[in-house]
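Report on the structure
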Amino acid sequence: MSNVALELTNVRKKIKNKEIIKDVNLTIRQGEVYGFIGPNGAGKTTTIRMIVGLMDLTDGEIKVLGKSIEKEYKDAARNLGAIVENPEMYPFMTGRQNLSHFARMYDDVPKGRVEEVITLVGLDQAIDEKVSKYSLGMRQRLGIAQAILHKPAVLILDEPTNGLDPAGIREIRDYIRRLAVEDNVAVMISSHLLSEIELMCDRIGIIKHGELITEQSVKEDSEEADQSEIKVVLDVKETEEAIKVLASLELKAEKEGSQLVSLMTRETIPQVVNKLVESGVTIYGVTGVKPSLEDQFLELTGGNIIE
Amino acid sequence: MSNFFSLLYNELFKIYIRKSTWVMYIILGLIAVGGAIIISSFDDVQPTEYTDNWKEELQEENEALHKDNEEFGYSFNDDRIMKNEYLLENDIRPLNYGAWQYTLENVGLVAIVSLLTIIIGSSIISNEYKWGTIKLLLIRPISRNIILLSKFIAIFVFGLFTMIYLFLVSMLGGAVFFGFEGFNPSTVIMTANGIEYVPIVGEVMSEYGYRIVNLIMMTTLAFMISTIFKNSSIAIGVGIFLLMGGNIITGIFSQYEWSKYLLFANLDLKMYETGNILIEGMTLGFSITMLIVYFVVFVALAWLFFNKRDIVNQ
Ligand SMILES: Nc1ncnc2c1ncn2[C@@H]1O[C@H](COP(=O)(O)OP(=O)(O)OP(=O)(O)O)[C@@H](O)[C@H]1O
Ligand SMILES: [Mg+2]
């Protein structure tokens, strides 16, 4: 197990007697990408503002590489890079001037680093244009560029996919995975759209009304995945016959139109197909549907309702 | 500490990269040269050119001035007459009007430098809120105190640059339209001790210097207001109002003993040189102490509010 990079312990935030964050505990390890999901107004940005030191904590503690953001601010902030809410930059300056401006705020950002990040986020073409002429997607990239200038150990991105097209999202996703895998960076990404960040996260936490209501791993092709039941849609001609075959394998099936829907583990799918073929059932298609995190998310949060 | 200069550089960069700053400089430049253009294009306000016959010329001038005084029944030319008499008595050839004297007369334009510095001081923090960049500024491994200090100092570096600019443009405009009196000319001035013959450079320095007190205090006040309210308009408004109206406010209350504790009563340190002390019992030491107290209070309030605040959207 790698080291803890970011740790929130019993974090609370009250603004004007309203509890906005209620006892959040959360740990992110080095090299881990953590999705921080919640509907509008759940408290994602508030949590992030506390992590980066823009807001005081009402109670609890936040540590970055073991340094408290409140008591050892400089040591903690040195290892943090962040976008908080919209990636606003100085509109009257070029992208490059903006990056140089922020690079000057660190002791140890070498000269060539600015050029390096410009290429990394793919802004070579527009970097000498004024930011006021940038599209939202370009500003988002510039926002990421300023967040990684000083190679932070912990990267906090508040809705970084906001305003990006699908190709842009894929690029950011690949880039973030690389940061985590190659540079061992701990990344926290917030979003209210699970589907957009699901693919880049190792783990997600769901926040609602200021409470972290569940955390779970996002597993892909792991052994566990072979064991857990997934929904399988069978498109067959002889539905009645197929139901009997499934019953003989102790599997329940439901008819949905001309298709059959059944729950089974991944391992048993080949067996089922064999049996169906042996019994002379005509198969047009077999589709495994992973219980999508999106479904679970909507179930847990009760939809994207602002309360 | 090398990092602090980077911060200062950043702040000055953000001031001087904007077009609005250069528009302000162009306007100030036009005003500073404009006086020279106007004076030199109207014959009857042309300054006298003294020749080798200067003694006669001075006497003629004094006669004309006396006549004026009598005609208007008011001795508004007395200073001029006394200066001329001093020159004649001491056998000092009068200085022809030129760049230095023009620059000295332009000292009133320091009010415009103050105005521009107040505008910069009022917006240096609130703009970061307006642009949303305050978040990106305050997540760096630099304490808020240092960020605030770098901004505060940047304001006065701007003020200093603008002052130097006003001086240079005035000198240049004066030299082009009236000529240059030399590098260290002397002239006669009125002081509390009567008329004195002094190097004009020192006079320029002291006249400009006295006005810097007002510039520093009003800018610091505006900086404090904008830091507390995150809004530049209120700060600019209050700053300009007090810059222009400070004397009036002092005038209204000057009959009361306590008015010597007002900020405005202490802004004009020149009164201790000329002897026109506003309220009896005030001393230079008293005024400097009052100024320091006000300055510390303004800075402390700005610091308190900036340091404690949660950074949220407007
Ligand atoms: N300064 C403030 N004063 C009072 N309430 C606030 C303040 N800032 C945030 N809140 C409240 O805190 C709650 C959480 O806000 P926050 O911005 O953290 O949500 P979020 O999860 O980031 O939402 P979104 O998806 O819309 O970005 C909201 O109900 C909001 O009304
Ligand atoms: Mg948010």
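Each chain carries its own residue numbering, running from 1 in the written order of its sequence. Following the order in which they are written, the chains are lettered starting with A and the ligands numbered starting with 1. Since the coordinates come from a predicted model, pLDDT governs what is reported: local features require at least 70, and pairs of side-chain atoms require 80 or more to be given and counted, while whole-chain, interface and lining totals use all residues. Think of the side-chain values as coming from all heavy atoms in the structure, minus any hydrogens and water.

As annotated in an unreviewed UniProt entry, chain B carries the name ABC transporter permease subunit and is attributed to Allobacillus saliphilus.

Identification of chain A as ABC transporter ATP-binding protein from Allobacillus saliphilus is taken from an unreviewed UniProt entry. UniProt positions are given in the numbering used here, feature names are shortened, and annotations may be inferred rather than shown by experiment. Entered under Sequence similarities (unreviewed entry) in the UniProt record, the comment concerning chain A runs "Belongs to the ABC transporter superfamily."

1. Observations concerning the pattern of salt bridges
Residues and elements named next belong to chain A. Salt bridges are counted wherever a side-chain nitrogen of Lys or Arg sits within 4 Å of a carboxyl oxygen of Asp or Glu. For the structure shown, the criterion picks out 21 salt bridges over all chains. We note a salt bridge from glutamate 85 to arginine 49, for which the minimum N-O separation is 3.0 Å. One end of the pair, glutamate 85, is in the loop between β6 (80-83) and α3 (95-103); the other, arginine 49, is in helix α1 (residues 44-51), with 36 residues separating them in the sequence. Exposed residues in this analysis have more than 50% of their type's maximum accessible area, buried residues have under 20%, and partly exposed residues fall in between, with area computed by a 1.4 Å probe over protein chains only. Take arginine 49: its relative accessible area is 4%, and that puts it in the buried class. A run of H or I in DSSP becomes a helix once it reaches four residues, and a run of E becomes a strand once it reaches two; helices and strands are each numbered from the N terminus.

2. Comments concerning the site of ligand 1
Among the 13 residues in the neighbourhood of ligand 1, the closest are listed as Gly41, Gly43, Lys44, Thr45 and Thr46 of chain A. Near residues are defined by distance, with any heavy atom within 4 Å of the molecule or strand qualifying the residue. Around ligand 1 the close residues trace back to chains A and B. Pairs of N or O atoms within 3.5 Å make up the polar contacts considered here, provided that, within protein, one atom can donate a hydrogen while the other can accept it, and that residues adjacent in sequence are counted only when both atoms are side-chain atoms. Taking lysine 44 of chain A, its side chain carries an N or O atom lying 2.7 Å from an oxygen atom of ligand 1. At a separation of 3.4 Å, an oxygen atom of ligand 1 approaches a polar side-chain atom of glutamate 159 of chain A. Working definition of accessibility: Shrake-Rupley area with a 1.4 Å probe, residue cover restricted to the visible protein chains. Bound to the protein, ligand 1 loses 69% of the 640 Å² it would expose on its own. For the shell around ligand 1, the secondary-structure elements that each account for two or more residues are β2 (18-29) and α1 of chain A. Top element by residues in the shell around ligand 1 is α1 of chain A. It accounts for three residues. Residue type decides the class: Asp, Glu, Lys and Arg count as charged, Ala, Val, Leu, Ile, Met, Phe, Trp, Tyr, Cys and Pro as nonpolar, and the leftover types, Gly among them, as polar. Looking at the shell around ligand 1 residue by residue, the class counts come to five nonpolar, five polar and three charged.

3. Here we look at the UniProt feature "transmembrane region" (unreviewed entry) in chain B
In the numbering used here, UniProt assigns the feature "transmembrane region" (unreviewed entry) to residues 21-42, 107-125, 146-168, 208-229, 236-256 and 276-306 of chain B. Secondary structure across residues 21-42 of chain B divides into 95% helix and 0% strand, with the first and last C-alpha atoms of the span separated by 32 Å.

4. What about the domain arrangement of chain B?
All names here are of chain B. Segment limits for the domains were obtained from an automatic or database-derived domain assignment. Taken domain by domain, chain B consists of domain 1 (2-47 + 96-308) and domain 2 (51-95). The term buried area refers to how much accessible surface (probe radius 1.4 Å) is lost by two components on association, counted for both of them together. Carbon and sulfur atoms supply 73% of the area that domain 1 and domain 2 bury against each other, a total of about 910 Å² over both sides. The largest per-residue losses of area from domain 1 upon contact with domain 2 belong to Val188, Met190 and Ile195, which jointly make up 54% of the total buried on that side. Run the count over domain 1 and domain 2 and you get zero salt bridges. Across the domain 1-domain 2 interface, the total number found is zero residue pairs in polar contact (both at pLDDT 80 or more).

5. Concerning the interface of chain B and chain A
With 31 residues of chain B at the contact, the number on the chain A side is 31 residues. Counting each side, the surface lost to burial between chain B and chain A is near 2900 Å², with a carbon and sulfur contribution of 57%. Among the ionic pairs, lysine 13 of chain A bridges to aspartate 310 of chain B, the shortest N-O distance being 2.6 Å. Along the contact surface separating chain B from chain A lie 18 residue pairs in polar contact (both at pLDDT 80 or more). Sorting the residues of the side of chain B that touches chain A by element identifies α1 (2-16), α7 (126-131), α8 (134-137) and α9 (144-178) of chain B as the ones contributing at least two each. Residue contributions to the side of chain B that touches chain A peak at seven residues, all from α1 of chain B. Here the side of chain B that touches chain A is composed, by residue class, of 14 nonpolar, seven polar and 10 charged. Two residues qualify as a contact provided that any one of their heavy atoms is within 4.5 Å of a heavy atom in the partner residue.

6. Quick look at the environment of lysine 74 of chain A
Locating lysine 74 of chain A in the fold gives a position in helix α2 (residues 73-78). Relative accessible area serves as the criterion here: at 42%, lysine 74 of chain A is assigned to the partly exposed category. Placed 21 residues apart in sequence, lysine 74 of chain A and glycine 53 of chain A show a C-alpha to C-alpha distance of 10.0 Å. Setting aside chain neighbours within four positions, we find lysine 74 of chain A in contact with Pro141, Ile142 and Ser143 of chain B.

7. A look at the domain arrangement of chain A
According to the domain assignment, chain A consists of domain 1 (4-217) and domain 2 (222-293). Centre-to-centre, using C-alpha coordinates, domain 1 of chain A lies 42 Å away from domain 2 of chain A.

8. Observations concerning the packing of helix α3 (residues 54-72) of chain B against helix α4 (residues 78-90) of chain B
All names here are of chain B. Between α3 and α4, the least distance of the axes is 10 Å, while the angle of their chain directions is 155°. Classified by the interaxial angle, the pair formed by α3 and α4 is roughly antiparallel. Along this stretch, α3 crosses α4, giving a crossing that reads as left-handed. Taking contact as the criterion, the partners of Trp54, Lys55, Leu58, Gln59, Glu61, Asn62, Leu65, His66 and Asn69 in α3 are, on α4, Asp78, Arg80, Ile81, Asn84, Glu85, Leu87 and Leu88. Considering only residue class, the contact of α3 with α4 consists of six nonpolar, five polar and five charged. To obtain each axis, a line is fitted to C-alpha atoms, and for helices this fit is confined to the stretch in contact; angles are then taken between N-to-C directions over 0 to 180 degrees. Reported orientations rely on four angle classes, namely roughly parallel under 35 degrees, roughly antiparallel over 145, roughly perpendicular from 65 to 115, and oblique for the rest. Here is the rule for handedness: rotate from the far helix to the near one, and if that takes an anticlockwise turn smaller than a right angle the crossing is left-handed, while a clockwise turn gives right-handed.

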